[in-house]
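Read off the chains here:
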Amino acid sequence: MSISGLNYLFIIGLMFSSAVFANPQTLIFCYEDKDVAPMFLGIGQEVPIDNPGASIEILKQLDADIPNVSISFVRKPWRRCLNDLELNRVNAVIASYRDGRERFAVYPTNEKGVLLEKFAVSRFSSCLIGRARFHKQWQTREVFQNKAFTIAIPNGYGLNSALKEEPFYIHNTFSKDKAFELLDKGVVQASVDLCQVDDLKVSSYQHKGSDVKPLYPPYETTDGYLIFSKQFYQQNSQLSKEIWQWLARFDSAQIYIKYLQAVE
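A short tour of the structure in this document, coming up. Predicted model, so just to flag it, every value in this text is computed and none were measured.

1. Description of the state of the cysteines
Then, in step 1: Counting across every chain of the model gives two disulfides.
Then, in step 2: Sulfur-sulfur distance for the disulfide between Cys30 and Cys81 comes to 2.0 Å. Measuring handedness by torsion sign, the sulfur bridge of Cys30 and Cys81 sits at about -65° and is left-handed. A residue pair is termed long-range when its members are at least 10 positions apart, and Cys30 in strand β1 (residues 25-32) and Cys81 in helix α3 (residues 78-86) qualify at 51 residues.
Then, in step 3: Residue Cys30 is classed as buried on the basis of its relative accessible area of 1%.
Then, in step 4: Since its relative accessible area comes to 0%, Cys81 is described here as buried.
Then, in step 5: Covalent S-S linkage joins Cys127 and Cys195, the inter-sulfur distance amounting to 2.1 Å. Classification of the bridge connecting Cys127 and Cys195 rests on its S-S torsion, roughly 65°, and on that basis the disulfide is right-handed.

Right under this line is the structure:
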C-alpha cells in the first residue's frame, strides 16, 4: 500500500475515533423543587435516585437511549426555572403552552407555528373529585349559585378560567396528600385530581372506604412539552428534533400510570 493510501486510512481512522469518542452535548434540565406527583417526587434541590417521578424517569431513559446527549438535572422553584430558561442558565423544562413563553422558549411546532401534540411528554386531564352528595349538588348548582363549595387545591394544580367563576371557597394545600386528607375528613367537599392519562381513566385518591370519585368529563386537559431555551435550540436544532422524535415514540403513559398505581 502506498504512503498516500496509509495517510488516507489514518485520517479516516482519526475521524471515526473523534465521532465515536466525541463528548455528548450536555442538556441542563430544570424542574420544580416541590413534590408534584406523579411527575416529580421529593422536595428540595436533591434529585432522588430511586423513584424520582415519572417525568424524570422518562428523561433518564431518553438520556440512556440517545448517546449524543447527557442530561443534568437541577431543581429550583418553578418561576426560577422559567427565568433561568429565558436567561439561558438552563436548557430545558417540561411545560404546557402559555402565551408569551414562545418569546424565550422553543416548542415543537410545524412551519406554521402550530403545536405538534404528538411530541408532548404527557397528556393529563384533571377532574373535580368528591363524594356522591357533592356530585349531585354540583349537577344542580344553578339552584344555589350563592352557596360556596369548599375545595382543597394542592400545589401544582389549578382551576381553569371556567371553574374560577364557580362558587368555590378554596383551601390551598402544600401537597395532594393534605388536600385528600381534608376531603377524607369532611373538612372540604371537593378537591382536584389527575383523572386521565391520555385516554385512560386513573385515580390517585388513596383513602379507601369512601365514595369519593372523579367528576367526568375532565375540567381541563393539558399537554406537557419538553421545551428548549432559544439559544440551546439554535445551537442544537438537530439534537432537539431527535429528542422530540424519541418522545413521540416512547410510551410515556405507562410510566405515569405506574407511579399512580404505586400510591393506591
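2. Remarks on the layout of surface pockets
Then, in step 1: Taken as a whole, the largest pocket holds about 920 Å³ of empty space.
Then, in step 2: Taken together, 30 residues line the largest pocket, and the ones lying closest to its centre are Ser96, Arg98, Gly156, Tyr157 and Thr222.
Then, in step 3: In terms of residue count, strand β10 (residues 213-229) provides more of the lining of the largest pocket than any other element does, six residues in total.
Then, in step 4: Taken together, the residues that form the lining of the largest pocket break down as 11 nonpolar, 13 polar and six charged.

3. A look at the nonpolar core
Then, in step 1: The biggest cluster of nonpolar side chains holds 54 residues, and the ones touching the most others in it are Phe29, Leu128, Leu226 and Ile243.
Then, in step 2: Broken down by element, this core gets its largest block of residues, six residues, from helix α8 (residues 252-262).
Then, in step 3: Sequence-distant contacts of Ile243, that is, excluding residues within four places in its chain, are made with Leu27, Leu62, Ile66, Val69, Leu226 and Phe228.
Then, in step 4: If you look at the next biggest cluster of nonpolar residues, it comprises 13 residues, including Leu82, Leu85, Phe104 and Ala120.

4. Comments concerning unusual backbone geometry
Then, in step 1: Of the consecutive residues Tyr216 and Pro217, the connecting peptide bond is found in the cis state with omega at 5°.
Then, in step 2: Positive phi is not limited to glycine here, since Asn51 has a value of about 50°.
Then, in step 3: Not every positive phi belongs to a glycine, and Asp198 is a case in point at roughly 55°.
Then, in step 4: Positionally, Asp198 belongs in the loop between β8 (190-197) and β9 (200-201).
Then, in step 5: For Asp198, a relative accessible area of 35% translates into the label partly exposed.

5. A few points about helix α5 (residues 176-184)
Then, in step 1: For α5, the full list of buried residues reads Lys176, Ala179, Phe180, Leu182 and Leu183. Buried residues of α5, viewed axially, fall in a sector of 155°; they line one side.
Then, in step 2: The inward-facing, buried residues of α5 abut β5 (122-130), β6 (149-154), β7 (168-173) and β8.
Then, in step 3: Trailing α5 by a residue or two, Gly186 shows a phi angle of about 85°, which is positive.

6. Some thoughts on the packing of aromatic side chains
Then, in step 1: All chains considered together, the criterion is met by 16 aromatic pairs.
Then, in step 2: Where Phe228 meets Trp244, the ring centres are 5.3 Å apart and the plane angle is 50°; that geometry is what we call tilted. With a gap of 16 residues between them, Phe228 in strand β10 and Trp244 in helix α7 (residues 237-249) connect regions that are remote in the sequence. Each of the two residues, Phe228 as well as Trp244, counts as buried.
Then, in step 3: In this arrangement the basic side chain of Arg141 is found over the ring face of Trp138, its NZ or CZ atom lying 3.9 Å from the centre.
Then, in step 4: The ring of Tyr216 carries the charged tip of Lys201 above its face, separated from the ring centre by 4.3 Å.

7. Details of the side chain of Ser240
Then, in step 1: Within the fold, Ser240 resides in helix α7.
Then, in step 2: Taking relative accessible area as the criterion, Ser240 reaches 0% and is therefore assigned buried.
Then, in step 3: Setting aside residues up to four positions removed in sequence, Ser240 forms contacts with Phe228, Phe232 and Tyr233.

The rules behind the values
- Residues numbered from 1 in each chain as written.
- Predicted model: local features only at pLDDT ≥ 70, side-chain atom pairs only at ≥ 80, totals over all residues.
- Heavy atoms only, no water.
- Disulfide = S-S within 2.5 Å.
- Helix = DSSP H or I, 4+ residues; strand = E, 2+ residues; numbered from the N terminus.
- Buried < 20%, exposed > 50% of the residue type's maximum accessible area, 1.4 Å probe, protein only.
- 1 Å grid on protein atoms, 1.4 Å probe; cavity = no way out; pocket = protein on both sides within 12 Å on 5 of 7 lines; lining within 4 Å.
- Points joined across faces, edges and corners; volume = space filled by probe spheres on them.
- Nonpolar A, V, L, I, M, F, W, Y, C, P; charged D, E, K, R; others polar.
- Core = buried A, V, L, I, M, F, W, Y, C linked by side-chain atoms within 4.5 Å.
- Contact = heavy atoms within 4.5 Å.
- Arc of directions from axis to C-beta.
- Phe/Tyr/Trp six-rings, centres within 6.5 Å; stacked < 30°, edge-to-face > 60°.
- Lys NZ or Arg CZ within 6 Å of the ring centre and 35° of its normal.

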